[in-house]
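Working through the structure, step by step
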Amino acid sequence: MIIRTLHERGVRTIFSLSGNQIMPLYDACLDVGIRIVHVRHEAAAVFMADAWAQVTGELGVAMLTAAPSIANGVAPLYSALQAETPLLLLSGDSAVGEDGSGAFQEIDQVSITSPLTKLSLRPVTIQEICPALDSVIATAFAPRPGPVHLALPFDLLTEETGLEDVPKAATRPGGSALDAGELAKLTALVGEAKRPLVLAGPTAARTHMRATFEELRDRLGVPVVPMESPRGLKDPSLGSLSDVIPDADLILLAGKCLDFTLGFGGAATLGRNSRVAVIDPDAKMLERARRLLGDRLVLALHADPIPVLTALQVEPRVGERTAWTSRLDEALRYRGNRSPDGAGGDSLGPRALCETVQSFLSCADDPIVICDGGEFGQWAQAFCQAPIRIINGMSGAIGAGVCYAVAAKIARPGSTVVVLMGDGTAGFHLMEFDTAVRENASIVAVISNDLRWNAEHLIQVRTYGPQRLIGCELSPTARYHDVVAALGGVGFTATSAESLRAALDSAMSSGRPACINVALAGEPAPAFSAIGRATTSH
């Protein structure tokens, strides 16, 4: 009943690592033709479900077994929550009939996952299963999408339902009607503004949402900037936007949480004279805005931002705002002056590395780029773009890059999928290249190898001095490309832009999962400012 329900809801792929309590679900997948992508670590399954949802706009589904298995898969839920990803985690659980008796792998799963999901449920009767499944799926897609969890006791999975057909999903009420008075006030605010700007959350960065927000920009004549990085307005992929923000006379937070990424709404970040309007589906976010912004908050609307913005009827005033829009666009494109790469001998600078990869992506079929890592991840975000891009996101977590890439390639087999990551990042899920080989997911991983945890290295040097470094070095003998080759992929090394481009071409022509180990001159992540000169994020 569970698997047939998922199939009827459009699920065709589940990412999983097998175990005792979910064997009935595995068996049921054979009957309806749902594909199980079997991974090497539980966290990888959840990361892959996250990427699947980001790439396709569909529900991402991960399936894990009980206790240690779901515990291993918990951390990626935080990334999915921060990325606003509609993700369903199914987990096997100990039997209801053995609750409180010390059953094998008995643990309160819902208490573990609840802080990291929008909704976590554990049905305890057959009659509760389908309503619970419908509820978590609806919640995953409700405004400000996010992960949900359904724990499934083993004895329920082996009971007969007595039903011939899967119960129909309950009809859920539509969104609440927009308040005409608040809509009129927002219309007036947007219409009067000379230098307006919409800041949107991670959902707006997804490919399946991009056209909606581009239409809003064109129709309203108001620039829309999605934000999905923990570096906030200092996200290198936003160029020197932080220089321009204080000059906006109206900042509309459309589903973008007011938090540390916006300097908690402080005048130094958003400007002393900017008026701020907030549209958010979470009442707690509106209360936070009232507390942090005070009288600078001119409107707080409890609603899904997209219907509100779609309902606005505002004269675009494109001509009057041309200079402002051009200034914003120029700031978003700004990447500082080309400076020496800092490379020497047998290593490549991070900007040159990323520009070489970008040149390759610009000629590739249906490119997808994954950016993962600390310092190097920021270089990749600054200089590598594609119609579909996944970054390690608001959570600040690293290590999911290979998982994201495998899922993206499975979702779009004809795409060219390139993941850029640091050598520290590579250590988390390199074994998922085995999954890539088994699933014929011919991804290309570019590992920038500066032999250290560079973010921590830079912090320690700055804070404590170069004589007090600890726990930053990585092995100079690590040969990540050989690991991938040993798992059935192909591996290459590169020390220059020319050798990197040749390796990229060879990786693509191989038709196999590939790893390119690039010797890198480690540098601080960039943070661009057109006022003066480019600075670093440190």
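Just so it is clear, the model here is predicted, and its values are computed rather than measured. (Residues numbered from 1 in each chain as written. Predicted model: local features only at pLDDT ≥ 70, side-chain atom pairs only at ≥ 80, totals over all residues. Heavy atoms only, no water.)

**Some points on the side chain of serine 120**
As for its position among the elements, serine 120 is in strand β5 (residues 119-121). Residue class for serine 120 comes out buried when judged on its relative accessible area of 9%. Of the polar contacts made by the side chain of serine 120, one reaches the side chain of threonine 113; its length is 2.8 Å. Here threonine 117 takes part through its side chain, which lies 2.7 Å from a polar atom of the side chain of serine 120. Aside from chain neighbours lying at most four places away, what touches serine 120 is Val110, Thr113, Ser114 and His149. (Helix = DSSP H or I, 4+ residues; strand = E, 2+ residues; numbered from the N terminus. Buried < 20%, exposed > 50% of the residue type's maximum accessible area, 1.4 Å probe, protein only. Polar contact = N/O pair within 3.5 Å; in protein donor to acceptor, adjacent residues only side chain to side chain. Contact = heavy atoms within 4.5 Å.)

**Looking at the pattern of salt bridges**
Scanning all chains against the criterion turns up 20 salt bridges. The partner of glutamate 228 in a salt bridge is arginine 389, and the shortest N-O contact between them spans 3.0 Å. You can see glutamate 228 sitting in the loop between β8 (224-226) and α11 (241-244) and its partner arginine 389 sitting in strand β13 (residues 388-391), a full 161 residues away along the chain. Of the two residues examined, glutamate 228 and arginine 389, each falls in the buried class. Put simply, aspartate 259 and lysine 256 hold a salt bridge, and the shortest N to O gap is 3.5 Å. Taking the relative accessible area as the measure of exposure, aspartate 259 reaches 11% and is therefore buried. By relative accessible area, which is 4% here, lysine 256 ends up buried. Among the charged side chains, a salt-bridge network with shared partners connects Arg40, Asp434 and Arg438. (Salt bridge = Lys/Arg side-chain N within 4 Å of Asp/Glu carboxyl O.)

**Focus: the packing of aromatic side chains**
What characterises a pair of aromatic rings is the spacing of the ring centres plus the angle enclosed by the ring planes. Summed over the entire model, instances satisfying the criterion amount to 5 aromatic pairs. Ring geometry for phenylalanine 47 and tyrosine 404: centres 5.8 Å apart, planes at 90°, overall edge-to-face. Separated by 357 residues along the polypeptide, phenylalanine 47 in helix α3 (residues 42-56) and tyrosine 404 in helix α18 (residues 401-411) bring together distant segments of the chain. Residue phenylalanine 47 is classed as buried on the basis of its relative accessible area, which comes to 8%. Exposure remark for tyrosine 404: the relative accessible area of 3% places this residue in the buried category. Where phenylalanine 383 meets phenylalanine 528, the ring centres are 6.1 Å apart and the plane angle is 90°; that geometry is what we call edge-to-face. Here phenylalanine 383 is found in helix α17 (residues 375-383), whereas its partner phenylalanine 528 is found in the loop between β18 (526-527) and β19 (535-536), with 145 residues between them in sequence. Here the two residues phenylalanine 383 and phenylalanine 528 agree in accessibility, since each one is buried. Chaining the aromatic ring pairs together yields one cluster made of Trp379, Phe383 and Phe528. (Phe/Tyr/Trp six-rings, centres within 6.5 Å; stacked < 30°, edge-to-face > 60°.)

**What to know about the packing of helix α16 (residues 350-362) against α17**
How two helices sit against one another is set out by the angle between their axes and by the gap between those axes. The contact between α16 and α17 brings their axes to 9 Å, and the two run at 45°. Considering their axes alone, α16 and α17 lie oblique with respect to each other. Remark: the crossing between α16 and α17 carries right-handed chirality. Residues Pro350, Arg351, Leu353, Cys354, Glu355 and Gln358 of α16 pack against Phe376, Trp379, Ala380 and Phe383 of α17. (Axes fitted to C-alpha atoms, helices over the stretch in contact; angles between N-to-C directions. Parallel < 35°, antiparallel > 145°, perpendicular 65-115°, else oblique. Left-handed = near helix turned anticlockwise from the far one by under 90°.)

**Some thoughts on the confidence of the model for the protein chain**
Here the protein chain shows a mean pLDDT of 92. Residues at 70 or above account for 96%. With pLDDT under 50 throughout, residues 533-538 is counted as low confidence; its partners more than four residues away or in other chains account for 20 contacts. (pLDDT = per-residue confidence, 0-100.)

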